[in-house]
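# A look at the structure
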Amino acid sequence: MAYAYHEKIARINLTTGTVTVEKLDTDVAKKFIGGRGLGTKIIYDEGCATVDPLSPENKLVYITGPLTGATAPSSGRYMVVTKSPLTGMIASSNSGGIWGAKLKYAGWDALIVEGEAPEWTYINIVDDKIELLNAEEYLGMFSEALDDTLKEKHGKDASVLSIGMAGEKQSLLACIMNDKDRAAGRSGVGAVMGSKKLKAIVVRPTNRNADETLASAEALKEANKDVMVNIKENGLTSSGLRELGTACLVNVINSVGALPVRNWQDSHFEQAEDISGETLAEKYLVRAGACHRCPIACARVIKVGEKVVGGPEYEPIWAYGANCGNNDLEVINECNMLCNEYGLDAISTPCTIAAAMELYQRGAIKEEDCAGAPLEWGNGDSLREWVKRMGNPETELDYLMSSGSARLCEHFGMPEVSMSVKKQEMPAYDARAIQGIGVTYATSNRGGCHVRGYTIAPEVVGLPVQLDRTVTNEKAFWVKTFQDLTAVIDSLGMCLFTSFALGAPEYTKLLNAACGTDYTPEQVLELGERIYNIERMFNKAAGMKPEDDRLPKRLLTEPVVSGPSKGMTSKLEVTLPEYYEVRGWDNAFPTEETLKRLGLDECIAN
């Protein structure tokens, strides 16, 4: 099982300044694959569930999968796994670009970073050599400038991972950036990095071949040829995402009445065309962009003024657009760029602004509180200003806003205004209009999230089959299946978007070729199920309660006001008990029988 792994983990203690090389336990890797799964296993075993997320005792695991950097489609992914300061539960944030592949090329399966540096520090990695260097001079720099500066110092072929000012100030919405505009975006992982006084990690491998670790490079090449046929024959992965990016969804989701408007007060935006993928391509697109080894090329490279920068995905377009009552795409592009520069979560940041706009609408936040940037729906100048303030907070309201909508709304005595689950803001699909995604949101181990079980694929797009979005029938089964498969994809080191064209049989073929295993698709899905369950047990140890698996009251009691989904509410009271039954859970947590079946006996005591 050593195949596809270097069997090397670097444990970096920032308090003592020491680096220890540890051997990867390949038996554990076999049970949890790598990436998200193995990272969760590591922090579960090391007791991170019960520590303060911003204390030196919390750990950050930067981890690749067995296919990261290898000859497989969209295999440039890595995960950041830690305890979230935003939710108090598991954080596992995924990012692309090339940083993860370069970590693998440098000879490392993972980095475990612990402790707290006595002064601001960055890590420099060149193959086996790891050194800790002073980072004081880089404080306050934007992501792009820091990337350029560190490459100038360490080599143009280096890859840079870093936090911005938001992470330095431990904003709970801080993300981790790499390769200028790629982000491990959610759950406040950048705040954990900031709490450790770790500014950046630079990786420069001298070897660019990950295939040398494979069971059979030839077998993987053959498997890759087979799965590429699927990708080339699928309309989304062959051309749709390349032409319009993820913003192709703006008109699609709006057409079914599931595009949340003005902090989810409605779900149909009359001006959706103004902020659509088609409009973005027509007015601002320079070219499509792609992460390492990606044939899909969904990224947008756009012009913002005189600058050419990474453009927005569907979620920030919606969040700065319809959700803030704004139809100015230029403002959205600028705000997305600012999120990248300050190192802010590009979903939670605008969703928190939208919640603040509703608080302003209701009179809870006063004009005098806004210091010249009134929180009015659709006010582009205010949107830009509040991103800057949240990225570099100074006043009490700045800090409240940078802590997320749940804490903001609790402060003003209106917790129901926060459109979040487990204190993390929900993304761009109204669960009143799409029943399955509501179960995904409610049961996501990392809080409000769509990429832990993307049932939009069958419920709206029709992949792999078309489901009726309005009914609850079999949604529990589909959510569980998508959650388990996604856990596999995240752990392999591949991109979720490949799942528009690939299913469990194709991922099984790639994993077997890389690792020399002989899994069946059913066994691979069980690996994903094991990963999802250990995440849930981490949350239980961290203090999660059954009532945390819920949706905002608005989605359960306030019907959609207008559009194709008018009158609909989420039927979570029907689907959640069905989901627990399908999962083998009792009142939100795995039964002892389920844990034993999945080989998670170490979790039973919890």
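Predicted, not measured: the structure shown is a model, and the values here were computed from it. (Residues numbered from 1 in each chain as written. Predicted model: local features only at pLDDT ≥ 70, side-chain atom pairs only at ≥ 80, totals over all residues. Heavy atoms only, no water.)

### Here's the deal with the overall build of the chain
When helices and strands are counted, the chain shows 24 helices and 19 strands. Its C-alpha atoms give the chain a radius of gyration of 22 Å, within 12% of the compact-globule value 25 Å for 606 residues. C-alpha extents for the chain along the principal axes are approximately 60 × 55 × 50 Å. Split into buried and exposed, the 606 residues of the chain put 66% on the buried side. Considering only residue pairs separated by 6 or more positions, the chain has 70% of its internal contacts joining residues 24 or more positions apart. For the chain, the centre of its 63 positive side-chain charges and the centre of its 83 negative side-chain charges are spaced 2 Å apart. (Helix = DSSP H or I, 4+ residues; strand = E, 2+ residues; numbered from the N terminus. Rg over C-alpha atoms; globule rule 2.2 N^0.38 Å. Buried < 20%, exposed > 50% of the residue type's maximum accessible area, 1.4 Å probe, protein only. Contact = heavy atoms within 4.5 Å. Lys, Arg positive; Asp, Glu negative; His and termini not counted. Charge placed at Lys NZ, Arg CZ, Asp CG, Glu CD.)

### Observations concerning the sheet that holds strand S6 (residues 110-114)
Pairing is mixed across the open sheet formed by 6 strands, whose spatial order is S2-S1-S6-S3-S4-S5. Only two strands of the sheet have a single partner each, and these edge strands are strand S2 (18-23) and strand S5 (90-95). Each adjacent strand pair in this sheet contributes to an overall mean axis angle of 20°, direction not counted. One ladder, built from 6 bridges, connects strand S4 (residues 78-83) with S5; its direction is antiparallel. Paired with Val80 across the bridge in S5 is Ser93. Contacts between helix H2 (residues 35-45) and the sheet are confined to strand S1 (8-13), strand S3 (60-63), S4, S5 and S6, with S4 contributing the most and set at about 25° to the helix. (Pairing = 2+ DSSP bridges. Axes fitted to C-alpha atoms, helices over the stretch in contact; angles between N-to-C directions.)

### Examining the domain arrangement of the chain
Taken domain by domain, the chain consists of domain 1 (8-213), domain 2 (260-424) and domain 3 (434-500 + 518-603). The distance between the C-alpha centroids of domain 1 and domain 3 comes to 27 Å. In this assembly, 35 residues from domain 1 lie in contact with 33 residues from domain 3. Buried area between domain 1 and domain 3, both sides added, is near 2,900 Å², and the carbon and sulfur share of it is 61%. Summed over the shared surface of domain 1 and domain 3, the result is 3 salt bridges. Put simply, Glu535 and Arg36 hold a salt bridge, and the shortest N to O gap is 2.7 Å. Classifying every residue of the side of domain 1 that touches domain 3 gives 12 nonpolar, 16 polar and 7 charged. (Domains from an automatic or database assignment. Buried area = accessible area lost by both parts, 1.4 Å probe. Salt bridge = Lys/Arg side-chain N within 4 Å of Asp/Glu carboxyl O. Nonpolar A, V, L, I, M, F, W, Y, C, P; charged D, E, K, R; others polar.)

### Brief notes about the packing of aromatic side chains
In this structure the tally under the stated criterion is 15 aromatic pairs. Plain terms: the ring middles of Trp478 and Phe482 are 6.1 Å apart, the flat faces sit at 45° to each other, and that makes the pair tilted. Of this pair, Trp478 and Phe482 both sit in helix H19 (residues 475-492), separated by 4 residues, roughly a single helical turn. In this structure Phe482 comes out as buried when scored by relative accessible area, which is 15%. On the basis of an interplanar angle of 35° and a centroid distance of 6.3 Å, the ring pair of Tyr580 and Trp585 is categorised as tilted. Both residues of the pair, Tyr580 and Trp585, count as buried. (Phe/Tyr/Trp six-rings, centres within 6.5 Å; stacked < 30°, edge-to-face > 60°.)

### Side note on a negative patch on the surface
Residues Glu273, Asp274, Glu278, Glu282, Asp328 and Glu330 make up a contiguous surface patch of negative charge. On the secondary structure map, Glu282 appears in helix H10 (residues 277-283). (Patch = residues over 30% accessible without salt bridge, like charges linked within 9 Å, V, L, I, M, F, W, Y side chains within 5 Å. Areas by Shrake-Rupley, 256 points an atom, 1.4 Å probe, with all protein chains shown as cover.)

### Considerations on the pattern of salt bridges
With the rule as written, the count across this model stands at 41 salt bridges. When the shortest N-O distance is used, the salt bridge between Asp181 and Arg182 registers 3.2 Å. Look at Arg182 and you get buried, because its relative accessible area is 15%. Across the pair Glu592 and Lys596 runs a salt bridge, and its minimum N-O distance is 3.2 Å. One end of the pair is Glu592 and the other is Lys596, both in helix H24 (residues 592-597) and 4 residues apart, which spans about a single turn. Judged by its relative accessible area of 45%, Glu592 is partly exposed. Exposure remark for Lys596: the relative accessible area of 47% places this residue in the partly exposed category. One network of salt bridges, in which partners are shared, links Arg11, Glu22, Glu46, Lys59 and Glu114.

### Some words on the environment of Glu116
Summarising the element assignment, Glu116 is placed in the loop between S6 and strand S7 (121-126). Not counting residues within four places of it along the chain, the set of residues in contact with Glu116 comprises Leu14, Thr15, Pro56, Ser195, Lys196 and Lys197.

### Section: the packing of helix H17 (residues 435-443) against H19
The geometry of H17 relative to H19 is characterised by a closest axis approach of 9 Å and an angle of 55° between their N-to-C directions. By the angle between their directions, the pair H17 and H19 is classed as oblique. Between H17 and H19 the crossing geometry is right-handed. Between H17, through Gln435, Gly436, Val439, Thr440 and Thr443, and H19, the contact on the second element is made entirely by Lys475, Val479 and Gln483. Taken together, the residues of the contact of H17 with H19 break down into 2 nonpolar, 5 polar and 1 charged. (Parallel < 35°, antiparallel > 145°, perpendicular 65-115°, else oblique. Left-handed = near helix turned anticlockwise from the far one by under 90°.)

### Side note on helix H8 (residues 235-244)
Considered for burial, the residues of H8 that qualify are Leu236, Thr237, Gly240, Leu241 and Leu244. Buried residues of H8, viewed axially, fall in a sector of 115°; they line one side. Where H8 is buried, its residues meet helix H7 (217-233), H10, strand S14 (299-304) and helix H18 (456-461). A distance of 2.9 Å separates the backbone nitrogen of Leu236 from a side-chain oxygen at the start of H8, and that oxygen is part of Asn234. Gly245 sits one or two residues past H8 and shows a positive phi near 65°. (Arc of directions from axis to C-beta. Polar contact = N/O pair within 3.5 Å; in protein donor to acceptor, adjacent residues only side chain to side chain.)

### Focus on the sheet that holds strand S8 (residues 129-134)
Read across the open sheet, the 6 strands follow the order S8-S7-S12-S9-S10-S11; overall the sheet is mixed. Strands at the two margins of the open sheet, each flanked by one partner only, are S8 and strand S11 (182-184). Direction aside, neighbouring strands of the sheet carry axes that sit 20° apart on average. Two strands pair when backbone bridges link them, and S7 and strand S12 (residues 198-203) are joined in this way by 5 bridges, in the parallel orientation. Bridging from a neighbouring strand, Ile125 pairs with Val203 of S12.

### Remarks on the pairing of strand S9 (residues 159-162)
Of the two faces of S9, the one holding Ser159 and Leu161 and the one holding Val160 and Ser162 are both buried throughout. Pairing geometry for S9 and S12, over 4 bridges, is antiparallel. Bridging from a neighbouring strand, Val160 pairs with Val202 of S12. Strand direction decides the pairing type here: S9 and strand S10 (residues 176-178), joined by 2 bridges, are antiparallel. Residue pairing for S10: Leu161 is matched across the bridge by Asn178.

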